[in-house]
Amino acid sequence: MKKLLLVTALFALLISFSFAQKPYKVVFYNLENFFDTINDPEVHDDEFTPEGPKKWNSAKYNKKLANTERVFFDIAAINKDYPVIIGVSEVENRSVLEDIIATRKLAPANYRISHFDSPEARGVDVAFLYRPDVFKIEGEKAVRTVIPSLPDFKTRDILTLWGTIENEPFFFMVAHWPSRLGGKEASEFKRIAVGQQMRSIADSVMKANPNTKVVMMGDFNDDPTDKSIAQGLGAKFKLKDLKEGDFFSPYADMLKAGYGTLAYGDAWNIFDNIVVSENLAKGSTGKLKLQQASGSKFYGNIFKQHYMVQKEGQYKGYPLRTYVGNNFQGGYSDHFPVYIYIGK
């Protein structure tokens, strides 16, 4: 009997130890125009209404909702644990987010929502979903994006969220940087300005508490090696080069190795980025630090499954989109999601 009790106790301890060592996932996903079907007179969303050119109706909306559920659940299934933080972009409003977290496969995670309406003309925003059982929220704030040379420029906000994970302070930011409309070089100054703004926010947070671990994510509309990230945000590419107060871009090496999150003109880019502070990248404060996936040489991860890929035609191999022009494809997004692991 004593032997049985000892084995049972050891088994329980092993389960507890395994659970405690399971790394947390932090995800970012550009949902590609996830609008509801209701015409909002305050924004330019007519395209995504039943009467609009895309004939966006409940059936199509529910298809996209099911697709989004599938992606997030399959990311959770990687290590049988729901992501702790999910940042998203191109979502119209809180109602869409509420539908996502209420889906059958995601409801058990009990996600909470951080969202504010931004001044973006079409009404699409960034947002966070977070697990309150792991991330203990202390505050949230939407920061207006500022382009100093364009004082009237309106775009998506920078959403900030802060709290603790295992009693360690974390500060998250999610943003959708200005597009390359007009050309990469001609529009680059806008993205550099937003990178500088996010870096300024991060520096202020870490000056107040150097132990705070900062995670910046979003669709930056630039690669990790472009000026907006390498200089504006000031993210470095190599762990060995990091000093206190620096920031690390885990996706630069993946880009150089030929990986991508979206394709254009048969070339792959990584516009979907997650950048972390040195104390998280190297674990110089606290116990939680950036981790590699099992068997991977990279610190960043891209979630790409066969069902998310276009199988034929001009865009074969690209992400399977919701629409191409006004033709409904029933797909997922024109981007693949990205994620990192944080653990001990």
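These numbers were taken from a predicted model, which means no experiment stands behind them.

Reading the values: the criteria
- Along each chain, residues carry numbers from 1 onward, in the same order as the chain's sequence is written.
- Note on the predicted model: pLDDT of at least 70 is required for a residue's local features to be given, and 80 or more for side-chain atom pairs to be given and counted; whole-chain, interface and lining totals, by contrast, use all residues.
- Where side-chain values are given, they derive from all heavy atoms of the structure, hydrogens and water being excluded.
- Note on aromatic contacts: the rings of Phe and Tyr and the six-membered ring of Trp form a pair at centre separations within 6.5 Å, being stacked when their planes are under 30 degrees apart, edge-to-face when over 60 apart, and tilted otherwise.
- To sort residues, take the accessible area from a 1.4 Å probe on protein chains only and compare it with the maximum for the residue type: under 20% means buried, over 50% means exposed, and anything in between is partly exposed.
- Angles shown run from 0 to 180 degrees and are taken between the N-to-C directions of axes, each axis being a line fitted to C-alpha atoms and, for helices, limited to the stretch in contact.
- The way it works is that DSSP assigns letters per residue, a run of H or I at least four long becomes a helix, a run of E at least two long becomes a strand, and they are numbered from the N terminus.
- When describing relative orientation, an angle under 35 degrees is termed roughly parallel and one over 145 degrees roughly antiparallel, while 65 to 115 degrees is termed roughly perpendicular and anything else oblique.
- Note: crossing handedness is left-handed where the near helix turns anticlockwise from the far helix by less than a right angle, and right-handed where it turns clockwise.
- Note on contacts: a residue pair is in contact if any heavy atoms of the two residues lie within 4.5 Å.
- Side-chain classes are defined by residue name, with Ala, Val, Leu, Ile, Met, Phe, Trp, Tyr, Cys and Pro counting as nonpolar, Asp, Glu, Lys and Arg as charged, and the others, Gly among them, as polar.
- When a carboxyl oxygen of Asp or Glu lies within 4 Å of a side-chain nitrogen of Lys or Arg, that pair is called a salt bridge.
- By nonpolar core is meant a set of buried Ala, Val, Leu, Ile, Met, Phe, Trp, Tyr and Cys residues that side-chain atoms within 4.5 Å join together.
- Residues scored as positive are Lys and Arg, those scored as negative are Asp and Glu, and His as well as the terminal groups of each chain are ignored.
- Here a polar contact is recorded for every N or O atom pair within 3.5 Å, except that within protein the pair must consist of a potential hydrogen donor and a potential acceptor, and residues adjacent in sequence are included only if both atoms are side-chain atoms.
- At least two bridges found by DSSP between two strands is the condition for calling them paired.
- The predictor attaches a confidence to each residue, called pLDDT, with possible values from 0 through 100.

### With respect to the packing of aromatic side chains
Part 1 of the argument: Applying the stated criterion to the full structure yields 23 aromatic pairs.
Part 2 of the argument: With centroids separated by 5.9 Å and ring planes inclined at 15°, the aromatic side chains of tryptophan 162 and phenylalanine 171 adopt a geometry described as stacked.
Part 3 of the argument: Overall, the relative accessible area of 29% leaves tryptophan 162 in the partly exposed class.
Part 4 of the argument: Under the relative-accessibility criterion, phenylalanine 171 is labelled buried at 8%.
Part 5 of the argument: One aromatic cluster in this structure is built from Phe34, Phe35, Phe48, Trp56, Tyr61, Tyr323 and Phe328.

### Let's talk about the packing of helix α2 (residues 58-77) against helix α3 (residues 94-101)
Part 1 of the argument: Where α2 meets α3, the closest approach of the two axes is 9 Å, and the angle between their N-to-C directions is 55°. When the interaxial angle is binned, α2 and α3 end up oblique. Relative to α3, α2 is oriented so that their crossing is right-handed. Note on element contacts: α3 touches α2 through Ser95, Val96, Asp99 and Ile100, opposite Tyr61, Leu65, Thr68 and Phe72.
Part 2 of the argument: The residue makeup of the contact of α2 with α3, split by class, is five nonpolar, two polar and one charged.

### What to know about the pattern of salt bridges
Part 1 of the argument: In the structure shown here, the tally under the stated rule is 19 salt bridges.
Part 2 of the argument: One salt bridge connects glutamate 32 with arginine 321, and the closest N-O pair in it is separated by 3.0 Å. Placement of the pair is glutamate 32 in strand β1 (residues 24-34) and arginine 321 in the loop between β15 (301-302) and β16 (323-324), with a sequence separation of 289 residues.
Part 3 of the argument: Note on glutamate 32: relative accessible area 4%, which makes it buried.
Part 4 of the argument: We note a salt bridge from glutamate 166 to lysine 344, for which the minimum N-O separation is 2.8 Å. Of this pair, glutamate 166 sits in the loop between β6 (158-165) and β7 (168-176) while lysine 344 is found in the segment after β18 (338-343), placing the two residues 178 residues apart along the sequence.
Part 5 of the argument: A residue is classified by how much of its surface remains accessible, and glutamate 166, at 31% relative accessible area, is partly exposed.
Part 6 of the argument: One continuous salt-bridge network, built from bridges that share partners, spans Arg180, Lys184, Arg191, Asp222 and Asp226.

### A short note on the nonpolar core
Part 1 of the argument: Counting residues in hydrophobic clusters, the biggest one holds 74 residues, and the most contacted among them are Phe72, Ile85, Ile100, Ile165, Phe172, Met217 and Val276.
Part 2 of the argument: In terms of residue count, the dominant contributor to this core is β1 (seven residues).
Part 3 of the argument: Setting aside anything within four residues of it in sequence, one finds phenylalanine 172 in contact with Val26, Ile85, Phe128, Phe135, Leu159, Thr160, Leu161, Ile165, Val215 and Met217.
Part 4 of the argument: Within the second largest apolar cluster, 22 residues are counted, among which are Ile147, Ala175, Ala202 and Ala235.

### Quick word on unusual backbone geometry
Part 1 of the argument: Its identity is not glycine, yet glutamate 32 carries a phi of approximately 55°, on the positive side.
Part 2 of the argument: With a phi angle near 65°, aspartate 266 is a residue other than glycine that sits in the positive phi range.
Part 3 of the argument: Mapped onto the elements, aspartate 266 comes out in the loop between β11 (262-264) and β12 (267-269).

### Structural notes on the side chain of aspartate 272
Part 1 of the argument: Along the chain, aspartate 272 falls in strand β13 (residues 272-277).
Part 2 of the argument: Despite its burial, aspartate 272 pairs with no opposite charge; the closest candidate is arginine 156, at 11 Å N-O.
Part 3 of the argument: Of the polar contacts made by the side chain of aspartate 272, one reaches the side chain of threonine 261; its length is 2.5 Å.
Part 4 of the argument: For aspartate 272, the side chain forms a polar contact with the side chain of histidine 335, separated by 2.8 Å.
Part 5 of the argument: In contact with aspartate 272, other than residues within four places in its own chain, are Phe28, Asn30, Gly218, Asp219, Thr261, Leu262, His335, Phe336 and Val338.

### Digging into the side chain of serine 277
Part 1 of the argument: Mapped onto the elements, serine 277 comes out in strand β13.
Part 2 of the argument: The class for serine 277 is buried, based on a relative accessible area of 0%.
Part 3 of the argument: Only 2.9 Å separates the side chain of serine 277 from the backbone nitrogen of valine 214, close enough to count as a polar contact.
Part 4 of the argument: Within the structure, serine 277 has its side chain in polar contact with the side chain of asparagine 279 (distance 2.6 Å).
Part 5 of the argument: Setting aside residues no more than four positions away along its own chain, serine 277 makes contact with Met206, Thr212, Lys213, Val214, Asp246 and Phe247.

### Remarks on the sheet that holds β7
Part 1 of the argument: Spatial strand order, β5-β6-β7-β8-β13-β10-β9: seven strands in an open sheet with mixed pairing. Of all strands in the sheet, those with a lone pairing partner are β5 (135-143) and β9 (235-236), marking the two edges.
Part 2 of the argument: Note that β7 and strand β8 (residues 213-219) share seven bridges and pair parallel. Each bridged residue has a counterpart across the sheet, and for phenylalanine 172 the counterpart in β8 is valine 215.

### Thoughts on the confidence of the model for the protein
Part 1 of the argument: Summary statistics for the protein give a mean pLDDT of 93 and a share of 94% for residues scoring 70 or more.
Part 2 of the argument: Here residues 2-20 is modelled with pLDDT under 50, and outside its nearest four sequence neighbours on either side it reaches zero contacts, counting other chains as well.

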